[in-house]
Amino acid sequence: MTVRLLLADDHPVVRAGLRAVLDAEPDFEIAAEAATAERAVALAAAGGVDVVLMDLQFGAGMHGSEATAAIAARPGAPRVLVLTTYDTDADILAAVEAGASGYLLKDAPPEELAAAVRTAASGQSALAPAIAHRLMHRMRAPAEALSRRELEVLQLVRDGLSNQRISKELFLSQATVKSHLVHIYAKLGVDSRTAAVAAATARGLMRR
């Protein structure tokens, strides 16, 4: 059975490399390519695709996780396999919660990529070993892991936003933002916004 693929990445060289690798598999067919997340959503909705290989960062415009959520929300949607360079908790959680069937890093060997595509096409989860390890660690030590919302708050702190602006951005009260920061400090063992950002970045929870 042929697996029809949509390659969604804003770099032509990356798409060409993926096409070269995946075209070598007898049961794969490159059905379409998209240079933007918005285009990927439109092509996935048009049908004729079984698995979308989705990058996360597309520059300006829709993020890969947003596109994943838009695709996954449709009945009979193709599976989405995230293929990215980012392995932070923030990116992984956003993609998984958006409905991604798998998460793979771009340095994965060709055979691992092909296996992940087949796994996703069959309706199962396809996670890179390093990604699975991170998720398992979160499950085993939930008291130490930052929640998705806490990561969102901390990323806005890193971007220089005040509590007031964070509350408006995330539609939260300022008291709730402060509460999230208290929990973040406790989990990371720090006592300031700057130290929290540094600690989270060092632990691979957010992008550098």
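Residues numbered from 1 in each chain as written. Predicted model: local features only at pLDDT ≥ 70, side-chain atom pairs only at ≥ 80, totals over all residues. Heavy atoms only, no water.

### What to know about the overall build of the protein chain
No. 1: Each helix and strand counted, the protein chain has ten helices and six strands in total.
No. 2: With respect to the principal axes defined by its C-alpha atoms, the protein chain has extents near 55 × 30 × 30 Å.
No. 3: Burial statistics for the protein chain: of 208 residues in total, 45% are counted as buried.
No. 4: Summarising the internal contacts of the protein chain: among those between residues at least 6 apart in sequence, 62% fall at separations of at least 24.
No. 5: Surface summary for the protein chain: the accessible area is close to 10200 Å², and the carbon and sulfur share equals 54%.
No. 6: Across the protein chain, 22 positive and 24 negative side-chain charges occur, with their mean positions spaced 7 Å apart. (Helix = DSSP H or I, 4+ residues; strand = E, 2+ residues; numbered from the N terminus. Buried < 20%, exposed > 50% of the residue type's maximum accessible area, 1.4 Å probe, protein only. Contact = heavy atoms within 4.5 Å. Areas by Shrake-Rupley, 256 points an atom, 1.4 Å probe, with all protein chains shown as cover. Lys, Arg positive; Asp, Glu negative; His and termini not counted. Charge placed at Lys NZ, Arg CZ, Asp CG, Glu CD.)

### Considering the nonpolar core
Generally speaking, a soluble globular protein has its nonpolar side chains buried in company with each other.
No. 1: Judged by nonpolar contacts, the single largest core of 52 residues is most densely connected at Leu5, Leu22, Leu53, Leu154, Ile184 and Leu188.
No. 2: Beyond its immediate chain neighbours, meaning those up to four positions away, leucine 53 contacts Leu5, Leu6, Leu7, Ala8, Leu22, Leu81, Leu83, Leu113 and Val117.
No. 3: In terms of nonpolar packing, the next biggest core, distinct from the first, is built from 16 residues, Leu6, Val52, Met54 and Phe58 among them. (Core = buried A, V, L, I, M, F, W, Y, C linked by side-chain atoms within 4.5 Å.)

### Some remarks on the side chain of aspartate 89
No. 1: Structurally, aspartate 89 is set in helix 4 (residues 89-98).
No. 2: We classify aspartate 89 as buried; its relative accessible area is 6%.
No. 3: One polar contact links aspartate 89 to arginine 134, side chain to side chain, over a distance of 2.7 Å. (Polar contact = N/O pair within 3.5 Å; in protein donor to acceptor, adjacent residues only side chain to side chain.)

### A few points about the packing of helix 9 (residues 174-188) against helix 10 (residues 193-202)
No. 1: Contact geometry for helix 9 and helix 10: axes closest at 10 Å, N-to-C directions at 55°. Here helix 9 is positioned oblique relative to helix 10, judged by the angle of their axes. Relative to helix 10, the crossing made by helix 9 is left-handed. Note on element contacts: helix 10 touches helix 9 through Arg193, Ala196, Ala199 and Ala200, opposite Leu181, Ile184, Tyr185 and Leu188.
No. 2: Residue composition of the contact of helix 9 with helix 10, by class: seven nonpolar, no polar and one charged. (Axes fitted to C-alpha atoms, helices over the stretch in contact; angles between N-to-C directions. Parallel < 35°, antiparallel > 145°, perpendicular 65-115°, else oblique. Left-handed = near helix turned anticlockwise from the far one by under 90°. Nonpolar A, V, L, I, M, F, W, Y, C, P; charged D, E, K, R; others polar.)

### Here we look at the pattern of salt bridges
No. 1: With the rule as written, the count across this model stands at 15 salt bridges.
No. 2: Two residues, glutamate 33 and arginine 15, come together in a salt bridge whose shortest N-O distance is 2.9 Å. Taken together, the residues span a long stretch of sequence, with glutamate 33 in strand 2 (residues 28-34) and arginine 15 in helix 1 (residues 12-22) at a distance of 18 residues.
No. 3: A relative accessible area of 12% means that arginine 15 is categorised as buried.
No. 4: One continuous salt-bridge network, built from bridges that share partners, spans Arg15, Arg19, Asp23 and Glu33. (Salt bridge = Lys/Arg side-chain N within 4 Å of Asp/Glu carboxyl O.)

### Some thoughts on helix 8 (residues 163-170)
No. 1: Inspection of helix 8 places Asn163, Ile166, Ser167 and Leu170 among the buried residues, and these make up the whole buried set. The buried residues of helix 8 occupy one face: seen down the axis, they fall within an arc of 100°. Of the exposed residues in helix 8, the ones pointing more than 90 degrees away from its buried face are Arg165 and Lys168.
No. 2: Close packing links the buried residues of helix 8 with helix 7 (148-158), helix 9 and helix 10. (Arc of directions from axis to C-beta.)

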